[in-house]
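Listed below are the residues making up each chain.
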Amino acid sequence: MNPMPICSSSSSSSSSSSSSSTAKAWIVHSILAGTAIAAAIGVRAYLGRARKFRTRVVGIIPARFASSRFEGKPLVHILGKPMIQRTWERSKLATTLDHLDRKIAESCADCSDVIMTSESSRNGTERCYEALEKLEKKYDIVVNIQGDEPLIEPEIIDGIVKALQAAPDAVFSTAVTSLKPEDAFDPNRVKCVVDNRGYAIYFSRGLIPFNKSAKVNPQFPYLLHLGIQSYDSEFLKIYPKLQPTPLQLEEDLEQLKVLENGYKMKVIKVDHEAHGVDTLADVEKIESLMRERNLS
């Protein structure tokens, strides 16, 4: 298996005008909720240095060619362009990113450099860490942007960055949206539950919470994890050294290793219709949606 490349563009990005005002309102509300509480009880010692600035931000799209569920998924064409290129173009519209890297060298002809990561990295978080170590500049926050979200809203990227900047007791931030009833029992759609301060409690491939009837409760606001996440760069150096944890291994979800080790994760809720690509059939759905919205 060949190592996986990252290529980067350091050009400045402009904001997107395609997102709805509702989405922006939800993000702002989610960031403000709970940010007044910054007590670092139980937080690791390095947070005691109050990394309150966290101003330098890099975005990384750690896509893998050798996906077990969909071989070559990052390079599958969506209306004439590789999916990772679609994701990269959308991500460039975020205003909080100082630098944006993407992987898969074959689709990066217009990028300024290529960084190789080894196949020993076990997940996207570890690949982001390895890429971060090889970048010349230093960053305070690393944003892990899923390469299979070609319609990601740039406001969501900005939202999780601002959420992490506003929560000094958190080392990680991510986003959720409303779960569709038809996705309730799909193991590829990761669910999330949060506390009343906006911090993650648990992630699962199963439906959570689960009730006695074993059926979907149409009145309950189930949450779908969107996959995009950002990390404090100092924590990202710690993450690969943490041993795999029981819940992480059972669910095959890297976020659980963070929670099982006692770290805090800030969650924002956004109004976003998830368009992740898990199968070839999802590509057809994305293309159909883009045609409806006149997106080239």
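Residues numbered from 1 in each chain as written. Predicted model: local features only at pLDDT ≥ 70, side-chain atom pairs only at ≥ 80, totals over all residues. Heavy atoms only, no water.

(A) Molecular detail of the overall build of the protein chain. Secondary structure summary: the protein chain contains eight helices and 12 strands in total. Residues counted as buried form 53% of the 296 residues belonging to the protein chain. In the protein chain, the share of contacts with a sequence separation of at least 24, taken over all contacts with a separation of at least 6, comes to 75%. Per element, the accessible surface of the protein chain, about 13800 Å² overall, is 53% carbon and sulfur. (Helix = DSSP H or I, 4+ residues; strand = E, 2+ residues; numbered from the N terminus. Buried < 20%, exposed > 50% of the residue type's maximum accessible area, 1.4 Å probe, protein only. Contact = heavy atoms within 4.5 Å. Areas by Shrake-Rupley, 256 points an atom, 1.4 Å probe, with all protein chains shown as cover.)

(B) Local environment of helix H3 (residues 124-134). Most of H3 is tucked away: eight of the 11 residues are buried. Taken residue by residue, H3 has Gly124, Thr125, Glu126, Arg127, Cys128, Glu130, Ala131 and Leu132 as its buried positions.

(C) Helix H2 (residues 83-91), seen in detail. The element H2 is largely enclosed, with a buried count of eight among its nine residues. Turning to H2, its buried residues number three or more, namely Met83, Ile84, Gln85, Arg86, Thr87, Trp88, Arg90 and Ser91.

(D) Layout of the side chain of Ser233. With respect to the element layout, Ser233 can be found in helix H5 (residues 233-238). There is a polar contact of 2.8 Å between the side chain of Ser233 and the backbone oxygen of Tyr139. (Polar contact = N/O pair within 3.5 Å; in protein donor to acceptor, adjacent residues only side chain to side chain.)

(E) Representation of the nonpolar core. Counting 28 residues, the largest nonpolar core has Val58, Val142, Phe172, Phe203, Phe235, Val258 and Met265 as its most contacted members. Of all the secondary-structure elements, those providing two or more residues to this core are strand E2 (57-61), H3, strand E8 (172-178), strand E10 (200-204), strand E11 (223-232), H5, helix H7 (255-260) and strand E12 (265-269). Those residues in contact with Val142 that sit more than four places away from it in its chain are Val58, Ile60, Cys128, Leu132, Gln229, Ser230, Tyr231 and Leu236. Residues Ile84, Leu100, Leu164 and Ala170 belong to the second largest nonpolar core, which totals 26 residues. (Core = buried A, V, L, I, M, F, W, Y, C linked by side-chain atoms within 4.5 Å.)

(F) Representation of the environment of Leu259 within the structure. Residue position: Leu259 is located in helix H7. You can call Leu259 buried: its relative accessible area is 18%. It is 7.6 Å that separates the C-alpha atoms of Leu259 and Ile201, two residues lying 58 residues apart in sequence. Ignoring sequence-local partners within four residues, the contact set of Leu259 consists of Ala200, Ile201, Tyr202, Phe203 and Met265.

(G) View of the environment of Pro82. Relative to the assigned elements, Pro82 resides in strand E4 (residues 81-82). Here the alpha-carbon distance between Pro82 and Pro150, two residues 68 residues apart in the chain, equals 9.5 Å.

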